[in-house]
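One-letter residues, chain by chain:
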Amino acid sequence: MAKKVPAAENQTLRQFGTELARLRSLSETSQRTVAGHTQISPQLAGAIERGERYPSLEFSQKADELLNGGGLLASLWRKMQNDAYPHFIGELVDVEPLASLVRTYQPQLVPGLLQTESYVQATLTARAVSKSGL
């Protein structure tokens, strides 16, 4: 799966934060109250409101309920998830969780998601050691 678009580049995430701040202001609710109701830290609540961090669906639903958003935050959360990935991914983000089996073809040594720097170094080191022992 492709990496998420950085939070700073996701316009829907910024819109979510703006709407969260607007609803919070209208209801005269503090960030600390929102954080307590949604069971997250006040710092994380602030980061979500500033559009710096992605909220969870649970946060969106609980905040929506607390701030009487009428489903607005939950709706924005769904849109934000679609906008969180590059457009070439298309509907894959929606249908992948429904799949009972996912098959991939990887012509490389390991699947792309497993190719961390430390994994590649360990693999290449092990391969060099086994070739020199022959």
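Before reading on, note that the structure itself is shown above.
Worth saying up front: this structure is predicted, and the values here are computed from it rather than measured.

A tally of helices and strands in the protein chain yields seven helices and zero strands. From first element to last, N terminus to C terminus, the protein chain shows the α and β order α-α-α-α-α-α-α. Taking the contacts inside the protein chain whose residues are at least 6 apart along the sequence as the reference set, 66% of them involve residues at least 24 apart. As presented, the protein chain carries roughly 9200 Å² of accessible surface, and 54% of it is formed by carbon and sulfur atoms.

Below, the discussion takes up helix α3 (residues 42-49). Turning to α3, its buried residues are A45, G46, A47, I48 and E49. Packed against the buried residues of α3 are α1 (11-26), α2 (31-38) and α4 (57-66). One or two positions beyond α3, positive phi appears at G51, with a value near 75 degrees.

Between side chains of opposite charge, a pair can form when the charged atoms approach closely. Enumeration over the complete set of coordinates arrives at four salt bridges. The partner of R24 in a salt bridge is E49, with the nearest N and O atoms 2.8 Å apart. With R24 in helix α1 and E49 in helix α3, this residue pair connects regions lying 25 residues apart in the sequence. For E49, a relative accessible area of 15% gives the class buried. One salt bridge in this structure joins R50 and E52, with 3.1 Å as the shortest N-O distance.

What tends to happen in soluble globular proteins is that the nonpolar side chains get buried as a cluster. Ranked by size, the top nonpolar core spans 14 residues in total, and within it F16, L20, F59 and L73 carry the most contacts. Sorting the residues of this core by element identifies α1, α4 and α5 (72-83) as the ones contributing at least two each. Apart from residues no more than four positions distant in its own chain, F16 is found in contact with I48, P55, F59, S60, L73, L76, W77 and M80.

Criteria and cut-off values
Residues numbered from 1 in each chain as written. Predicted model: local features only at pLDDT ≥ 70, side-chain atom pairs only at ≥ 80, totals over all residues. Heavy atoms only, no water. Helix = DSSP H or I, 4+ residues; strand = E, 2+ residues; numbered from the N terminus. Contact = heavy atoms within 4.5 Å. Areas by Shrake-Rupley, 256 points an atom, 1.4 Å probe, with all protein chains shown as cover. Buried < 20%, exposed > 50% of the residue type's maximum accessible area, 1.4 Å probe, protein only. Salt bridge = Lys/Arg side-chain N within 4 Å of Asp/Glu carboxyl O. Core = buried A, V, L, I, M, F, W, Y, C linked by side-chain atoms within 4.5 Å.

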